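Listed here are the chains, written in short residue letters.
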Amino acid sequence: MSIRVVVADDQELVRSGFSMILEAQPDIEVVAEAGDGVEAVAAVQRHTPDVLLLDIRMPRMDGLEAARLVCAQSGCRVVMLTTFDLDEYVYEALYAGASGFLLKDVRRDDLVHAVRVVAAGDSLLAPSVTRRLVADIIQRRRAEASPPSTVRLDVLTAREEETLRLLARGLSNAEIATTLFVSEHTVKTHVSNVLGKLGLRDRVQAVIRAYESGLVTPGSN
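The following paragraphs examine the structure supplied in this document.

Criteria and cut-off values
- Here, residues in each chain are numbered from 1, in the same order as that chain's written sequence.
- Predicted model: local features are reported for residues with pLDDT of at least 70 only, side-chain atom pairs are reported and counted for 80 or more only, and whole-chain, interface and lining totals are derived from all residues.
- Neither water nor hydrogens contribute to the side-chain values; these are computed over all heavy atoms in the structure.
- Put simply, a nonpolar core is a bunch of buried Ala, Val, Leu, Ile, Met, Phe, Trp, Tyr and Cys residues held in one set by side-chain atoms that sit within 4.5 Å of each other.
- For every residue, the accessible area (1.4 Å probe, protein chains only) is compared with the maximum for its type, and the residue is labelled buried under 20%, exposed over 50%, or partly exposed between those bounds.
- The helix count covers DSSP runs of H or I at least four residues long, the strand count covers runs of E at least two residues long, and both are numbered beginning at the N terminus.
- For this analysis, residues touch if any pair of their heavy atoms sits within 4.5 Å.
- Residue count minus one, scaled by 1.5 Å, sets the expected span of a helix.
- Under this scheme, a helix contributes an axis fitted over its contacting stretch, all axes are lines through C-alpha atoms, and angles between N-to-C directions fall in the 0 to 180 degree range.
- Under this scheme an angle from 65 to 115 degrees is roughly perpendicular, one under 35 degrees roughly parallel, and one over 145 degrees roughly antiparallel; angles in between are oblique.
- Gly is placed with the polar residues, together with every amino acid not listed as nonpolar (Ala, Val, Leu, Ile, Met, Phe, Trp, Tyr, Cys and Pro) or charged (Asp, Glu, Lys and Arg).
- In this analysis, strands are considered paired if DSSP registers two or more bridges between them.
- The handedness of a crossover follows from its direction of travel: if, with the strands pointing away from the viewer, the path from the first strand over the helix to the second runs clockwise, the crossover is right-handed.

Another aspect to go through is the nonpolar core. Core analysis: the largest hydrophobic core is formed by 26 residues, its most contacted members being Ala8, Leu52, Leu54, Val70, Val78 and Met80. Listing elements by their share of this core, those giving two or more residues are strand E1 (3-8), strand E2 (28-34), helix H2 (37-47), strand E3 (51-55), helix H3 (63-73), strand E4 (77-82) and helix H4 (88-96). With 5 residues, H3 is the single largest residue contributor to this core. What Ala8 contacts, discounting residues up to four positions off in sequence, is Ala34, Ala40, Leu52, Leu53, Leu54, Asp55, Met58 and Leu81. Among the nonpolar cores identified, the runner-up in size contains 22 residues, and Leu166, Val194, Leu198 and Val207 belong to it.

In C-alpha cells, the structure reads:
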C-alpha cells in the first residue's frame, strides 16, 4: 500500500519539486498539493493522507495553526518545512504535534527517507539540530513559567525511564538496544509503553516531556 502524502507550500516551484521527487518513488503517492494552511487542512480532511509536508510560513493560515488543526483532528503525521534550522515556529510546531521538521534544502534521499520514517510511526529526531531546538524551547518555557509546571514520570518503570532518557539524547532504537543490552524488539516495547503511559503522540513529544520533567537537561550527555 502506498504512503499517501499532501505537500503544502506557498512557493509553487518548491511544492512541485517535492511532489515530483516523492511521486517518483514506487511506494509514495502525492494525493494533493496546497498553497496555504487553509488549503492544507482541507486537503487532509478530503484525502486522509498518511503524511503532510507543511511549510511554516504561508498566507491565510500559517503552518503552525494548520499543524495544530491537523494533529487535533486526524491521525495524519505532520512534518514541517522551514528555511532556517532555528526558526522559532519550529518549536511551537513540535508542541502542536508535528513529528519533526526538514530544511527546504533537504537532499532528495533524505526527503524520501523522512516521509517513510514518519509514515511508519517514527519521528525525525536523529539530527542534532532537532534536539537543540527541543532543548532551547524547554529552557524558554521554564524561564517563562510561573509557577513552573510539574511533570511526573512516576508511572514509568526504571527501564522505561532509562529508555526515555536515551530517546531524549537522540539515540535510535538500535543504539538504545546496544546501550541497554537488550533487543530492538524490547526497545520498541519500552518506547510504546512510555508513549502510552504518558499519553504522548510520538517520540518528539517524548523528548519534550523528558526535558520538561528535568529527566534530561540541555547540554547533558
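So that's the structure; there's more coming.
In this section: the environment of Val115. In this fold, Val115 is placed in helix H5 (residues 108-119). Exposure remark for Val115: the relative accessible area of 1% places this residue in the buried category. Residues Val115 and Val79, 36 residues apart in the sequence, show an inter-C-alpha distance of 8.2 Å. Sequence-distant contacts of Val115, defined by excluding residues within four places in its chain, comprise Ile3, Val5, Leu22, Ile28, Val51 and Leu53.

With 12 residues, H5 extends 17 Å between its outermost C-alpha atoms, agreeing within 8% with the 16 Å of an ideal straight helix rising 1.5 Å per residue. Every buried residue of H5 is listed here: Leu111, Val112, Ala114, Val115, Val117 and Val118.

In a packed pair of helices, the relevant descriptors are the angle between the two axes and the axis-to-axis distance. Between helix H7 (residues 158-168) and helix H9 (residues 184-198), the least distance of the axes is 9 Å, while the angle of their chain directions is 95 degrees. On the basis of the axis angle, H7 is roughly perpendicular to H9. Contact residues: H7 offers Arg159, Glu160, Thr163, Leu164 and Leu167, while H9 offers His190, Val191, Asn193, Val194, Lys197 and Leu198. Residues that form the contact of H7 with H9 fall into these classes: 5 nonpolar, 3 polar and 3 charged.

Turning next to the pairing of E1. With 5 of 6 residues buried, E1 is to be regarded as a mostly interior element. Sheet topology places E1 next to E2; 6 bridges connect them, and they run parallel. The partner of Val6 across the bridge, within E2, is Ala32. Handedness of the β-α-β unit built from E1, helix H1 (residues 12-23) and E2 comes out right-handed. Bridge analysis of E1 against E3 gives 4 bridges, and the strand direction is parallel. Note that in E3 the partner of Ala8 across the bridge is Leu54.

Two modes of strand pairing occur in sheets, parallel and antiparallel, and in both the strands are linked by backbone hydrogen bonds. The 5 strands lie next to each other as E2-E1-E3-E4-E5, forming an open sheet whose pairing is parallel. The two strands at the open ends of the sheet, each matched to only one other strand, are E2 and strand E5 (101-103). Between one strand axis and the next, the sheet turns through 25 degrees on average, direction left out of account. Contacts from H5 reach E1, E2, E3, E4 and E5 within the one sheet, and its direction differs from that of E3 by about 125 degrees.

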